[in-house]
Amino acid sequence: MQGEMTEYRKIVIKRDLEMGVVMTVFRQKAERLTVQVIMETRQVAWTRTADKTDGVLDLSEIREIRPGRNSKDFERFKDGKDKHDESTCFTIFYGSQFVLSTLSLGADSVDEAQKWLVGLEMLREETRASPTPVLIERTQAVVCSCSRQLDRSFHALLSQEVGSKKDRLDFEQFHKFYNLLMFEQNEVLDEFKKESCAFILGNTDKPDASAVLLHDFQRFLIYQQQETWANDLNQVRELMTTFIDDTMRKTNDPEFTVSEFLGFLFSKENCIWDEKFSDISNVDMNNPLSHYWVNSSHNTYLTGDQIRSESSTEAYVRCLRLGCRCVELDCWEGPGEPIIYHGWSRTTKIKFEDVVRAINEHAFVTSEFPVILSIEEHCPIDQQRQMARIFREVFGDKLLIEPVEHLAEQLPSPTQLKGKIILKVTWSDSRPGLQYDPQLFVVCPVRLHCIYQNKAENTFKLKWKLGLEYIQFEFKSLMSMSSFLSFVCTCFRRGGRVQHCRIRSVTEGGHTSFYMTPNLHFPSVYALIQHYKDSPLRCQDFELRLTDAVPKPDSHLQEGFPHCHREHLHNVFRTANITICYQLLSFRGDGKVKHCRIQKEGNMYLLGTTTEFESLVELVGYFRKKPLYRKIKLRYPVTPELVDRFSTPKNTVKALYSYQARRPDELSFQQGALIHNVSKEADGCQTSLGLFVFLFVVKNGKYGKPHAVTLQDQDEDSLQFDLTAGSLEELFEWYKVAWDIIQRAMKQQVEVEKKAEVAKEMSEVVVYCQPRSKEKDRFGKYVSARMSNADRLRLKLFYSGSCVHPDKYMQLNNALFSLNGQTGYVLQPEFMRMDSYDPHQDKKEVKYKIVVKVIGARHLPKPGRSIASPFVEIELCGHTEEKYKTIVYRDNGLNPVWKGSERIVLSVYEPELTFLRFIVNEEDMFSDPNFLAQATFPVKGLRSGYRSVPLKNGYSEDLELASLLVYISVQQAGKAEEELYSSSSQLKKKQAELGEPFLYDTHSNLQRSSLAQSKEKKINNSKFYS
């Protein structure tokens, strides 16, 4: 819509926004305030009266302008008193942290609301695209508008420097004062007075001295900054014109003042980052999905910590708009519908459907490439059905429910999946094609021990749990292992290690005795242990008594406590039955199944927060005597046999006829006899009937009987079954039997489905999955296609952690995904996509050498009310971690300069996987470092020369005008540099060879004023620059 507007229409909208309009501002209460845009400062302000401003926000801080009543501010006014409808309301989301602030507004008409929506978006884009001089001018206007009455001594100083005769500064005076202040630390210019520089600065005593001429600047760009585009003199001229604030000097032969040249050096136009690496590469988007790093968010729903913070749909909106392509949904059973929150915590809960609708609305605002929903599923089958229905209804055609190519041998590409939403889960049942390595096992009464075979050394290792520790034995053959497993040993701790003494046995006269030393035999192992509790066990190296026995690990396994699924409990109809189920104590009481979570801390088991037990057996024994819940005590465990006993249908029937047994396993009975404990047989005809849902149709008699009933499936083409009877009573009995069979069959079908891990409806919307073994309530971390070679098709999800926490790894993640147009997909390096890639292989070859020197900084953020004492850390993150820091510059966060800082050399082994970080800290009164700003870049996109490093906050949001000035040189290791005339010595040498004046001193040429002289110099220089 904005692209279709004429320039006149844009001017009209800007004028109307500047004049302002009365709107309803929704905060704690709805108020009628004047809202306007201040063009000089590029701010939105809302005011109560002409001389009182209630609040302002910068256009540069606006992250979204959302139409409708789509913010929490409007939820406070659902009582019907507010008359604004969806079409007249909108919300401005702004801020520089993860959780944004909101300004919710209601206009008086639809046209007014639409005008503000279009105008604010247009002004926001213009503000973001503004060159650095415009940003500086706007910042000066903001400060000037907030200036207070000047101190007398300070006013006396300013009256001399900027000509101020009043106790306040106007804009021109403040602009002059700003240039003087920023130029005060002019040690930066010393870098350009060295012979190694492309040109030599002179006359740098004043900020308004004209020191950098057009051709000087072009030479600087070509040879010092290595800018190939600078060979076009018109482009150089255009760039200089942007930074010249005096319109009278914007000529065809512009000249920089020293202050303007410094402004360029610190500007974003001189950025260390090569913007071509931020452009999207459409060619790179045609590889299989498994070849990419995917920008992913963990616990996306949280706005804070994982214990007690708020869950919000706005967290999904923020992540998607920041470029995330994989977001996480932790789905739990809610009251009547699925909910999302961090399970087993105090985080708030949000509706699953609200999250899905928010994702649908914002999924493709930042990037058109596919969005992956990583589902952590904890919902029962019925709510999984709701999830599948919501996915289909909300996403519609966006939801990928069919493979892109049915016969493909690899995953589809991001280009093929544009505009699609993919569900990332793990299939619940086993699939063919899985391969397992054969292992050897030792079967014990309560445990299965695995034996690992070392094929290289032809040995076998047995890992055995002894008490609270694992010990490992190694054998040369299985025969020696079997002999080891046949003897008994006593194990005890001594000197922090587990010692083992073999207990030997001997049989004489039919009696077996046990001994550890040949001269002392015992009739049993128990007697041996009791003896060495009273008398010391003497060996060559030590002497000790045995004390308490090590508690049996998992002693409850011998007590018959089964590991049951919760569904089994609902088949039991006693009042207090127990089972230990995956660290849960489950029992039935008051007609409901209750679950208590058992936590393990060290060697103790905790039920609740205070009740501790040494073993699960002790825990169960205690609550068999003491009430666990109200007056309910535990009675007996729920075993599989008990479940079968209560869940197997038992019936009592009445014999319609007499029957004489013909086989030993048959029963004889008389007509009218009541037969108890009757169950249906699996191979009986009732089973075949139970597979259908029947319609009952009563017809005229058949087969010589007056009455008949026909059972037919709802499918008209299915088989029919005729049941005939001699009376209506008998027919009704047949009807009841058939109906009972059908009801039981349908009930069994429901039970079977409940035991499944994933609902059928849910599985139908999952296209790409990875086979895994059954494990209740578990879904995988990766996506793989339904193909045999799953390992090659794994999707690399670059988990960033929660976007809420602004740490180093979040900033590295943001730096990585600044590549490729912030699409959220970054193609892995070619060597990582090869089958032979080994991430653990030593990296010995240095690919690049980076030389870095920190020169100065400008406009650093202020830490509270104090003045910053900054220092800079340089960190190389990659195969090796290298870190350096500057000295602390005391009490100057505006324009510090680190004189005499050394150049450091960094070695890069893998450029594609290495990042360069700049961290600006300030030292407080306790000499502790406090974070101020940071900038993180992939090494492969760095530019050499004297470069500006635009700084960001911890959330990787831009800090306007805050920047470092560094010297950086990125060179391939071992490769000779190309010959560049980047120093005066090289230029002099070339001058001597050609006999032409290539080098001239800027200071000696400042007096050139006549046009003829300028033209003559241009002719000479044209040979050099052509």
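Residues numbered from 1 in each chain as written. Predicted model: local features only at pLDDT ≥ 70, side-chain atom pairs only at ≥ 80, totals over all residues. Heavy atoms only, no water.

S.K.: Help me out: how do you make sense of the overall build of the protein in this one?
M.R.: Of the regular secondary structure elements, the protein holds 23 helices and 48 strands. For the protein, with 1026 residues in total, the buried portion stands at 44%. Intrachain contacts of the protein at a sequence separation of at least 6 include 57% that bridge at least 24 residues. If you sum the accessible surface of the protein, you get close to 57000 Å²; carbon and sulfur atoms cover 50% of it. (Helix = DSSP H or I, 4+ residues; strand = E, 2+ residues; numbered from the N terminus. Buried < 20%, exposed > 50% of the residue type's maximum accessible area, 1.4 Å probe, protein only. Contact = heavy atoms within 4.5 Å. Areas by Shrake-Rupley, 256 points an atom, 1.4 Å probe, with all protein chains shown as cover.)

S.K.: I tried to follow a nonpolar patch on the surface on my own but got confused; where do I start?
M.R.: Taken together, Phe732, Tyr735 and Trp739 make up a surface patch of nonpolar side chains, about 300 Å² in accessible area. Assignment of secondary structure puts Trp739 in helix 19 (residues 728-755). (Patch = residues over 30% accessible without salt bridge, like charges linked within 9 Å, V, L, I, M, F, W, Y side chains within 5 Å. Salt bridge = Lys/Arg side-chain N within 4 Å of Asp/Glu carboxyl O.)

S.K.: It is not clear to me how the pairing of strand 14 (residues 371-378) should be interpreted in this structure. Could you clarify?
M.R.: Remember that side chains alternate between the two faces of the sheet whenever the strand is regular. A large share of strand 14 lies buried, amounting to 7 of its 8 residues. In terms of strand pairing, strand 11 (residues 326-332) meets strand 14 through 7 bridges, oriented parallel. Directly across from Cys326, in strand 14, lies its bridge partner Ile372. Relative to strand 15 (residues 421-424), strand 14 runs parallel, the two being bridged by 4 bridges. Looking at the pairing, Val371 lines up with Ile421 of strand 15. (Pairing = 2+ DSSP bridges.)

S.K.: Would you mind going over the nonpolar core with me for this structure?
M.R.: Buried together is how nonpolar side chains tend to be arranged in soluble globular proteins. Residues Ile272, Leu916, Phe918, Val949, Leu951 and Leu964 are the most contacted members of the largest nonpolar core, which totals 40 residues. When residues of this core are traced back to their parent elements, those giving at least two are helix 21 (808-816), strand 41 (848-858), strand 42 (870-877), strand 44 (904-908), strand 45 (915-923), strand 46 (929-938), strand 47 (945-952) and strand 48 (958-972). Not counting residues within four places of it along the chain, the set of residues in contact with Leu951 comprises Leu860, Val920, Ala933, Gln934, Ala935, Asp958, Leu959, Ala962, Ser963 and Leu964. Counting 36 residues, the second largest nonpolar core, distinct from the first, contains Val355, Ile381, Leu399 and Leu423. (Core = buried A, V, L, I, M, F, W, Y, C linked by side-chain atoms within 4.5 Å.)

S.K.: How should I be thinking about helix 8 (residues 233-243) in this particular structure?
M.R.: Since there are 3.6 residues in each turn of an α-helix, residues three or four apart along the chain are aligned in direction. Where helix 8 is concerned, the buried positions are Val236, Arg237, Leu239, Met240 and Phe243. Projection of helix 8 onto a plane perpendicular to its axis shows the buried side chains occupying an angular sector of 165 degrees, all on one side. Within helix 8, the exposed residues directed more than 90 degrees away from the buried face are Asn234 and Glu238. Where helix 8 begins, one side-chain oxygen reaches toward the backbone nitrogen of Asn234, 3.1 Å away; that side chain belongs to Asp232. (Arc of directions from axis to C-beta. Polar contact = N/O pair within 3.5 Å; in protein donor to acceptor, adjacent residues only side chain to side chain.)

S.K.: When you look at the side chain of Ser345 in this model, what are you seeing that I'm missing?
M.R.: One can find Ser345 in the loop between strand 12 (339-340) and strand 13 (350-351). There is a polar contact of 2.3 Å between the side chain of Ser345 and the backbone oxygen of His342. A polar atom in the side chain of Ser345 sits 3.0 Å from the side chain of Thr347. With near-sequence residues (within four places) excluded, Ser345 lies in contact with Gln306 and Ile307.

S.K.: Please clarify how the pairing of strand 44 should be interpreted in this entry.
M.R.: For strand 44, a buried count of 4 out of 5 residues is recorded, marking the element as mostly surrounded by other parts of the structure. Sheet topology places strand 41 next to strand 44; 5 bridges connect them, and they run antiparallel. For Val852, the partnering residue across the bridge sits in strand 44 and is Ile904.

S.K.: Any chance you could explain the sheet that holds strand 5 (residues 62-67) here in plain terms?
M.R.: The strands that make up a sheet are held in pairs by hydrogen bonds between backbone atoms, and each pair lies either parallel or antiparallel. Ordered by their spatial adjacency, 7 strands build an open sheet running 4-3-2-1-7-6-5, and the pairing between neighbours is antiparallel. On the outer flanks of this sheet lie strand 4 (52-58) and strand 5, each paired with one strand and no other. Direction aside, neighbouring strands of the sheet carry axes that sit 35 degrees apart on average. Note that strand 1 (residues 21-26) and strand 7 (residues 101-106) share 3 bridges and pair antiparallel. Its bridge partner lying in strand 7, Thr24 is registered against Gly106. In the packing of helix 10 (residues 313-321) onto the sheet, contacts are made with strand 5 and strand 6 (89-94), and the angle to strand 5 comes to roughly 120 degrees. (Axes fitted to C-alpha atoms, helices over the stretch in contact; angles between N-to-C directions.)

S.K.: Mind showing me how you'd approach the packing of helix 10 against helix 11 (residues 352-362) here?
M.R.: Any two packed helices are characterised by how steeply their axes cross, that is the angle between the axes, and by the distance between the axes. Interaxial distance between helix 10 and helix 11 falls to 9 Å at its minimum, and their mutual angle equals 25 degrees. By the criterion of interaxial angle, the relationship of helix 10 to helix 11 is roughly parallel. In terms of crossing hand, the pair formed by helix 10 and helix 11 is right-handed. Note on element contacts: helix 11 touches helix 10 through Asp354, Val355, Ala358, Ile359 and His362, opposite Thr313, Tyr316, Val317, Leu320 and Arg321. (Parallel < 35°, antiparallel > 145°, perpendicular 65-115°, else oblique. Left-handed = near helix turned anticlockwise from the far one by under 90°.)

S.K.: Can you help me understand unusual backbone geometry in this one?
M.R.: Trans peptide bonds make up the majority, and among non-glycine residues the majority have a negative phi. Its identity as a non-glycine residue notwithstanding, Asn299 has a phi of 50 degrees, on the positive side. Note that Asn299 resides in the loop between strand 10 (292-296) and helix 10. The phi dihedral of His859 falls on the positive side, at around 55 degrees, and the residue is not glycine. Along the chain, His859 falls in the loop between strand 41 and strand 42. Among the residues examined, His859 registers a relative accessible area of 18% and is labelled buried.

S.K.: So what exactly am I meant to see when it comes to the UniProt feature "domain: PI-PLC Y-box" (unreviewed entry) in the protein here?
M.R.: Within this numbering scheme, the UniProt entry marks residues 806-833 as carrying the feature "domain: PI-PLC Y-box" (unreviewed entry). Between the end C-alpha atoms of residues 806-833 there is a gap of 31 Å, over a span that is 32% helix and 11% strand. (UniProt positions renumbered as here; feature names shortened; annotations may be inferred.)

S.K.: Can you help me understand the side chain of Asn270 in this one?
M.R.: Position of Asn270 relative to the elements: it lies in the loop between helix 9 (258-265) and strand 10. Taking the relative accessible area as the measure of exposure, Asn270 reaches 1% and is therefore buried. Looking at Asn270, its side chain comes within polar contact range of the side chain of Arg947, at 3.1 Å. Residues in contact with Asn270, not counting those within four places in the same chain, are Gln225, Phe264, Leu265, Arg943, Tyr946, Arg947 and Ser948.

S.K.: What's the story with the packing of aromatic side chains in this structure? I'm lost.
M.R.: The description of an aromatic ring pair rests on the distance of the ring centres and on the angle between the ring planes. Taken as a whole and judged by the stated rule, the model has 22 aromatic pairs. Plain terms: the ring middles of Phe26 and Phe77 are 5.4 Å apart, the flat faces sit at 65 degrees to each other, and that makes the pair edge-to-face. Residue Phe26 is found in strand 1, and its partner Phe77 is found in the loop between helix 2 (72-75) and strand 6; the two are separated by 51 residues along the sequence. Both residues of the pair, Phe26 and Phe77, count as buried. Among the aromatic residues, those joined into a ring-pair cluster are Phe217, Phe220, Phe243, Phe256, Phe261 and Phe264. The ring centre of Phe26 lies 5.9 Å from the NZ or CZ of Arg69, which sits over that ring. (Phe/Tyr/Trp six-rings, centres within 6.5 Å; stacked < 30°, edge-to-face > 60°. Lys NZ or Arg CZ within 6 Å of the ring centre and 35° of its normal.)

S.K.: Please explain the environment of Tyr622 as it appears in this structure.
M.R.: Mapped onto the secondary structure, Tyr622 falls in helix 16 (residues 616-625). The class of Tyr622 is partly exposed, set by a relative accessible area of 38%.

S.K.: Got a minute to help me understand the pattern of salt bridges in this structure?
M.R.: A side chain of one charge can pair with a side chain of the opposite charge if their charged atoms are brought near each other. By the definition in use, this model includes 33 salt bridges. Note that Glu191 and Lys853 form a salt bridge whose closest N and O atoms lie 2.7 Å from each other. You can see Glu191 sitting in the loop between helix 6 (171-183) and strand 8 (210-213) and its partner Lys853 sitting in strand 41, a full 662 residues away along the chain. Comparing Glu191 with Lys853 shows no difference in burial state: the two are buried. Beyond isolated ion pairs, a larger network of salt bridges with shared partners links Arg27, Glu31, Arg48 and Asp54.

S.K.: How do you make sense of the packing of helix 1 (residues 7-19) against helix 3 (residues 110-128) when you look at a structure like this?
M.R.: Interaxial distance between helix 1 and helix 3 falls to 10 Å at its minimum, and their mutual angle equals 100 degrees. The angle between the axes of helix 1 and helix 3 places the two elements in the roughly perpendicular class. Every residue of helix 3 that contacts helix 1 at Lys10, Ile13, Lys14, Asp16 and Leu17 is listed here: Lys115, Trp116, Val118, Gly119, Leu120, Met122, Leu123 and Glu126. Its residues assigned to classes, the contact of helix 1 with helix 3 comprises 7 nonpolar, 1 polar and 5 charged. (Nonpolar A, V, L, I, M, F, W, Y, C, P; charged D, E, K, R; others polar.)

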